[in-house]
Amino acid sequence: RVDGNDIAQVYDALTAPIGDKPRAIILDTVKGKGVSFMEHSVLWHYRTARGEEYEAALKELEAGKP
């Protein structure tokens, strides 16, 4: 079980030695991670940001970059 919003954790899980048994990887994710008005909102599971919403989302995502 890994944080599905953390690409390094996902990569490590996918490249870990398998052994001789099947495995399943559960990725715990947050819808809209990194955008305050999208996080945990089912609305954004099927809706696309446009116009001012798109610009606001992009601004938040860029602000969160290292």
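Note that this is a predicted model, so its numbers are computed, not measured. (Residues numbered from 1 in each chain as written. Predicted model: local features only at pLDDT ≥ 70, side-chain atom pairs only at ≥ 80, totals over all residues. Heavy atoms only, no water.)

### A look at the packing of aromatic side chains
For the coordinates displayed, the defined rule picks out one aromatic pair. Note on Phe37 and Trp44: the rings are 5.9 Å apart at their centroids and 70° apart in plane angle, and the pair reads as edge-to-face. Of the residues examined, Phe37 reaches a relative accessible area of 34% and is grouped as partly exposed. (Phe/Tyr/Trp six-rings, centres within 6.5 Å; stacked < 30°, edge-to-face > 60°. Buried < 20%, exposed > 50% of the residue type's maximum accessible area, 1.4 Å probe, protein only.)

### Some thoughts on the pattern of salt bridges
Applying the stated rule across the entire model yields two salt bridges. Of the charged contacts in the structure, one is a salt bridge between Arg1 and Asp28, with a shortest N-O distance of 2.8 Å. Here Asp28 lies in strand 2 (residues 27-28) and Arg1 lies in the segment before strand 1 (2-3), a separation of 27 residues in the sequence. The class for Asp28 is partly exposed, based on a relative accessible area of 34%. Between Arg47 and Glu53 there is a salt bridge whose closest N-O contact spans 3.1 Å. Judged by relative accessible area, Glu53 falls into the partly exposed class, the value being 27%. (Salt bridge = Lys/Arg side-chain N within 4 Å of Asp/Glu carboxyl O. Helix = DSSP H or I, 4+ residues; strand = E, 2+ residues; numbered from the N terminus.)

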